[in-house]
Amino acid sequence: MIEPTTVRLATAGIYLLATLVLVGALTRRSPTARKYCYPFVAVVAVTTITVGLRGIGVGAIPIGTGELDLPQAAADYLSYPLLFGFAAFVAGASRRYIAATAMIAAIMRFGYDIADLSESVLGLAGTLSILIGYALLLGLYFGPLASTAAQQSPKRALFYRKTRNLLLFVFGILIAWAMLQLFGFFDPFTQVVTLEYIDLMLRVGFAAFVVANAETLVSSGSGGENGQGRAVAPSSTAAD
């Protein structure tokens, strides 16, 4: 059987190749559109390093009943708030809502660490925080944020729906993986392969999606607008 180390090093190579491809794709975007893409390309580049470190066995610290993988945690805490905050930004939401979605994502990731490192009531609380956090995000993205996005230009509203659906779908798969992993359903090889594949979809796939659609944010403006270019205040449920 292929060693987990080999899988991670091969995955790091894929991230490196993806970074180069994404950088090349940026040259075909306008300077204004590129500023929306840089953070996501940076996440892919950073993940190249963190996965490589995990591949050579650097950064794993035994804590409690589990093991904290520092490179994995660093990549996750960097990418998750960015992904969810960006989806709220595309909707044209206020800074308060952007910060709230990013914070919920970070809390969910912290909840996974707690659940993985503890088998006590604290571990159960960590597991519940993941499920409750996801439910809150569903409510926000299909509720007030969807209402705000509906006031944007048609292209931007469509971009929001695609962004939301892609993010929630892949993250839902990740949560299902986390639940199975916490309850010991995976052997070490299957655990590594499935996690690296999901992370590739979430980070590389999302970065490619943003690069491909970033011009929509330029044509519709960086803030909320209607289809005629006039600024529109967000709905009362999603405004400061």
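Here the structure is a predicted model, which means the values were calculated and not measured.

Student: Sorry if this is basic, but what is going on with the overall build of the protein here?
Tutor: Looking only at helices and strands, one finds 9 helices and 2 strands in the protein. If you list the helices and strands of the protein from N to C, you get α-α-β-β-α-α-α-α-α-α-α. By principal-axis analysis of the C-alpha atoms, the protein measures approximately 55 × 45 × 20 Å. Here the protein holds 240 residues, and the buried ones make up 48% of them. Long-range pairs, those at least 24 residues apart, make up 78% of the contacts in the protein between residues at least 6 apart in sequence. Element-wise, carbon and sulfur atoms account for 70% of the exposed surface of the protein, whose accessible area totals about 11,300 Å². Between the mean site of the 16 positive side-chain charges and the mean site of the 13 negative ones, the protein shows a separation of 19 Å.

Student: Got a minute to help me understand the packing of aromatic side chains in this structure?
Tutor: The geometry of an aromatic ring pair is captured by two quantities: the separation of the ring centres and the angle between the planes. One pass over the full model with this rule turns up 12 aromatic pairs. With a centroid separation of 4.8 Å and 75° between ring planes, the pair formed by Phe-40 and Phe-86 is classed as edge-to-face. Of the two residues, Phe-40 is situated in helix α2 (residues 31–55) and Phe-86 in helix α3 (residues 70–90); the sequence distance between them amounts to 46 residues. Of the two residues examined, Phe-40 and Phe-86, each falls in the buried class. Here the aromatic rings of Trp-177 and Phe-186 are separated by 6.0 Å at their centres, their planes lie at 20°, and the arrangement is stacked. Judged by relative accessible area, which is 6%, Trp-177 ranks as buried. A connected cluster of aromatic rings, assembled from ring pairs, spans Tyr-36, Phe-40, Phe-86, Phe-89, Phe-159, Phe-206 and Phe-209. It is Arg-156 that lies over the ring of Phe-89; its NZ or CZ is 5.3 Å from the centre.

Student: Is there a simple way to explain the pairing of strand β2 (residues 66–69) in this structure?
Tutor: Walk down a regular strand and you will see the side chains alternate between the two sheet faces. Note: strand β1 (residues 60–63) against β2, 4 bridges, orientation antiparallel. Residue pairing in the sheet places Ile-61 in a bridge with Leu-68 of β2. Here β1 hands over to β2 after 2 residues, with Gly-64 in that stretch at a positive phi of 60°.

Student: I would appreciate a short explanation of helix α1 (residues 4–26) in the present structure.
Tutor: Residue pairs three or four apart in sequence face the same way in an α-helix, which turns once every 3.6 residues. Taking 1.5 Å of rise per residue, 23 residues should cover 33 Å, and α1 covers 33 Å from first to last C-alpha, within 8% of that figure. Burial in α1 covers these residues: Val-7, Arg-8, Thr-11, Ala-12, Tyr-15, Ala-18, Thr-19, Leu-22, Ala-25 and Leu-26. At its buried positions, α1 is contacted by α2 and α8 (188–213).

Student: Just checking my understanding: could you explain the pattern of salt bridges for this structure?
Tutor: Side chains carrying opposite charge are able to pair once their charged atoms draw close together. Summed over the entire model, instances satisfying the criterion amount to 6 salt bridges. Here Arg-203 ties to Asp-76 by a salt bridge, and the two come within 2.2 Å at their closest N and O atoms. With a gap of 127 residues between them, Arg-203 in helix α8 and Asp-76 in helix α3 connect regions that are remote in the sequence. With relative accessibility at 3%, the residue Asp-76 sits in the buried group.

About the criteria used
Residues numbered from 1 in each chain as written. Predicted model: local features only at pLDDT ≥ 70, side-chain atom pairs only at ≥ 80, totals over all residues. Heavy atoms only, no water. Helix = DSSP H or I, 4+ residues; strand = E, 2+ residues; numbered from the N terminus. Buried < 20%, exposed > 50% of the residue type's maximum accessible area, 1.4 Å probe, protein only. Contact = heavy atoms within 4.5 Å. Areas by Shrake-Rupley, 256 points an atom, 1.4 Å probe, with all protein chains shown as cover. Lys, Arg positive; Asp, Glu negative; His and termini not counted. Charge placed at Lys NZ, Arg CZ, Asp CG, Glu CD. Phe/Tyr/Trp six-rings, centres within 6.5 Å; stacked < 30°, edge-to-face > 60°. Lys NZ or Arg CZ within 6 Å of the ring centre and 35° of its normal. Pairing = 2+ DSSP bridges. Expected span 1.5 Å × (residues − 1). Salt bridge = Lys/Arg side-chain N within 4 Å of Asp/Glu carboxyl O.

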